[in-house]
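# Secondary and tertiary structure notes
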Amino acid sequence: MSELLQLLVSGLSKGCVFGLIALGFVLIYKATEMLNFAQGELMMMGAFVAFTFVNLAAMPFLAGFAVTLVVALAFGMALERGVLRPMIGEPPFAVLMLTIGLGFVLRTVAVNIWGTDPRTLDVPYAGEVLVVREVVFGYDNLIVIGATAFLCGGLWLFFRRSRLGVAMQAASQNQLAAYYSGVPVKRVASLVWGISAAISAAAGMLLAPISLIDQNMGFIGIKAFAAAIVGGFGSLPGAIVGGLLIGVSEEFALRYLWPGFGEVTAFVILLVMLFVRPQGIFASLQKKKV
Amino acid sequence: MRFVLTTRYAQDVALFRHNGQRFWYGLLAIALLVAPWLMTNFYVGEAAMVFIWAIAGVGVMLLVGYTGLVSLGHAAFLAIGAYTHAALLRYGVPLPLALLLATGAAAAAGALVGYAALRMTGVYLAVATLAFERIVAYLVEHGGALTGGVRGVAMTQPQWFGISVIHSHFFYYLCLGVLALCIFGAVNLLRSPTGRAFVAVRDSEVCAESMGVHLARTKTVAFALSAALTGLAGALMAHKIGHLVPEAFGVNVSIQLLLLVVVGGLGSLHGVVFGAIFVGFLPQILALARDQLAAFGVDRVPGLEVGAYGAILVLFLIFEPLGVYGRWLKIRAWFDEFPLYRKATYKKQKSYLRTERVH
């Protein structure tokens, strides 16, 4: 029983990270209809930037966290302005390939700045555990879950209550109508990229104490993509739910199924889902019909 | 500039438009046939590798360039072709039959993925193919005696008329022949209703469907054909690699195939050849670049290869979406219209987001 609970918590925390990255995908997709395959690499960059501030510059953890979010926001906006905006109106697969290329470039940049050795982020809660009735939970896992809940709450309020959030929703529902109503669509798209990069960076910083920081950590972005689709692409709660589902099943598969199978669980779930219910758990997008 | 006045239907469907084309392609064919006798064995081998890339490139081009479906998992078809071929040869199946069966196996896998892909819009497909690739990679790594697991499996190199398959000249002509067949087949396919349907699906699914194109069938056929050619290339590549290991067919290979079609020029078979030359010789170019960097005191750039692939992909997509072939067309237009060429002819026009959603 205690083992099951522990697996569940570590699976949920992993799922939260998947969910956050998936959230980044979905935000960008809803606002600009672009698929960003470099989302995992944005997460990696976030983790490395946090490593620079917290470990190398010896900033307090929370301050380093905040500064990293700002840097990621700026980086995401710059990326949109410099690389993605010239691609507006190009076919979707061109944009997709562009972001794949971008991911490769980011990985090489990271290797050349921070080296190939895996790094650990100095967090104040590293290695500490919470014991409830002889069941041991790692603080790192619990904090991931808590922080994800907090971030989601913040985003929900932002999209519901703030002017900018509503403008973003409008732009993602219908760009032209939003433009006519005075929403600065270009600037909004830029900001969405920024926010998405910041969320990914947060995911990277939360993941860093659990796994190590290296240039290949961005590969979990692929699993996050699977999570986004399982949840129903284009649905924000769906991204989180999909992430949790994949995170938990992966954790259980790693423990109980054939060796190495855990690594492909996400993809098996994805393919099964695409056969059974291609629109995902929370269907929100419809395809144009003739 | 040459204008061809067509007076007969046969002229309209002819493979070559005019004698100029016949002359230049004939010259190219002769050059390719005599080339191995003028080169060292190393370059003959490299040229054969370029042909193999081009075969896979034709497959990817049919899917990405002509049907507009992106696959991030073509390395899986390459692996299926290679491992099937290796297994069949081990059981003593003759080479041509093994090649055909390997192609067939890849085609079947492609049809399966394509069929699964029908229910998704374009973007879902990319992820689904990636998922498929990861699952195939898992199966290859845990395939027991059939795939040799992570340690890999040695390739049987059969004899043909007393010559080993991997004899550099024999292999060169084998790959050249297969490539010529593939390109000939692709050219003919693209002039047929199926090929036209591919292009229609690429340009607008909604439009194609309302013109009576059977979307599901077209996409499945495109996928199966593309996988078949890639599998064939995989089978040939297996001979070249000699010892099959899972890393030889990683995600990087899928990206290299995409790089090939983008650099060559999406939507042109000429582009495939340009792209194959580029991808085939890129490692050598990068090795040279590495030496140059070492001269400047930068002795180690980790991940240079991967970064260069990514950067080239990004730069081409932003600045020359039509690739090398597109650039060649522009240069040719400049010469054709020599004193009268207007700069604005190929200027990128302002374009807007074409949405595929309903609101």
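Residues numbered from 1 in each chain as written. Chains lettered and ligands numbered in written order. Predicted model: local features only at pLDDT ≥ 70, side-chain atom pairs only at ≥ 80, totals over all residues. Heavy atoms only, no water.

Turning next to the overall build of chain B. Within chain B one finds 14 helices and 4 strands. With respect to the principal axes defined by its C-alpha atoms, chain B has extents near 60 × 55 × 55 Å. Split by element, the accessible area of chain B, about 17600 Å² in all, is 68% carbon and sulfur. One way to put it: in chain B the 26 positive side-chain charges average out to a point 7 Å from where the 15 negative ones average out. (Helix = DSSP H or I, 4+ residues; strand = E, 2+ residues; numbered from the N terminus. Areas by Shrake-Rupley, 256 points an atom, 1.4 Å probe, with all protein chains shown as cover. Lys, Arg positive; Asp, Glu negative; His and termini not counted. Charge placed at Lys NZ, Arg CZ, Asp CG, Glu CD.)

So, on to helix 6 (residues 163-173) of chain A. Residue and element names in this part refer to chain A. Those residues of helix 6 not exposed but buried are G165, A167, M168, A171 and S172. For helix 6, the angular spread of the buried residues around the axis is 160°, confining them to a single face. Among the exposed residues of helix 6, those oriented more than 90 degrees off its buried face are R163 and Q173. Where helix 6 is buried, its residues touch helix 1 (2-32), helix 5 (139-161), helix 7 (175-180) and helix 8 (185-207). (Buried < 20%, exposed > 50% of the residue type's maximum accessible area, 1.4 Å probe, protein only. Arc of directions from axis to C-beta. Contact = heavy atoms within 4.5 Å.)

Here we come to the pairing of strand 1 (residues 129-132) of chain A. On a regular strand, each side chain points to the face opposite its neighbour's, so the side chains alternate between the two faces of the sheet. Residue and element names in this part refer to chain A. Inspection of the sheet shows strand 1 paired to strand 2 (residues 135-138) by 4 bridges, in the antiparallel sense. From the neighbouring strand, V132 faces strand 2, where its bridge partner is V135. Linking strand 1 to strand 2, which pair antiparallel, is a turn of 2 residues; within it R133 sits at a positive phi near 50°. (Pairing = 2+ DSSP bridges.)

Before going further, it helps to spend a moment on the confidence of the model for chain B. Per-chain confidence: chain B averages 83 in pLDDT, with 94% of residues scoring 70 or above. If you check the scores for this complex, the pTM reads 0.83 and the ipTM reads 0.79. (pLDDT = per-residue confidence, 0-100.)

As a further point, take the packing of helix 3 (residues 61-84) of chain A against helix 4 (residues 92-114) of chain A. Residue and element names in this part refer to chain A. The N-to-C vectors of helix 3 and helix 4 enclose an angle of 125°; their axes lie 12 Å apart at closest approach. Between helix 3 and helix 4, the angle is such that the two are oblique. The way helix 3 lies across helix 4 gives a crossing that is right-handed. Residues F75, L79, V83 and L84 of helix 3 pack against V95, L98, T99, L102 and L106 of helix 4. For the contact of helix 3 with helix 4, the class distribution of residues is 8 nonpolar, 1 polar and no charged. (Axes fitted to C-alpha atoms, helices over the stretch in contact; angles between N-to-C directions. Parallel < 35°, antiparallel > 145°, perpendicular 65-115°, else oblique. Left-handed = near helix turned anticlockwise from the far one by under 90°. Nonpolar A, V, L, I, M, F, W, Y, C, P; charged D, E, K, R; others polar.)

Let us now look at a nonpolar patch on the surface. Residues and elements named next belong to chain B. A cluster of nonpolar side chains, namely I30, L33, V34, W37, L38, M39, F42 and Y43, defines an oily patch on the protein surface of about 870 Å² accessible area. The set of elements that each furnish at least two residues to the nonpolar patch consists of helix 2 (19-34) and helix 3 (41-66). If one sorts the elements of the nonpolar patch by residue count, helix 2 sits on top with 3 residues. Looking at the element boundaries, V34 is found in helix 2. (Patch = residues over 30% accessible without salt bridge, like charges linked within 9 Å, V, L, I, M, F, W, Y side chains within 5 Å. Salt bridge = Lys/Arg side-chain N within 4 Å of Asp/Glu carboxyl O.)

Here we take up the packing of helix 5 (residues 95-117) of chain B against helix 10 (residues 215-241) of chain B. Residues and elements named next belong to chain B. Where helix 5 contacts helix 10, the axes come no closer than 7 Å and their chain directions differ by 140°. The angle between helix 5 and helix 10 places the two elements in the oblique class. Note that helix 5 runs across helix 10; the crossing there is right-handed. Contacts from L95, L99, A102, T103, A106, A107, G110, A111, V113, G114 and Y115 in helix 5 reach T220, F223, A224, A227, A228, G231, L232, A235, L236 and H239 in helix 10. For the contact of helix 5 with helix 10, the per-class residue count stands at 15 nonpolar, 6 polar and no charged.

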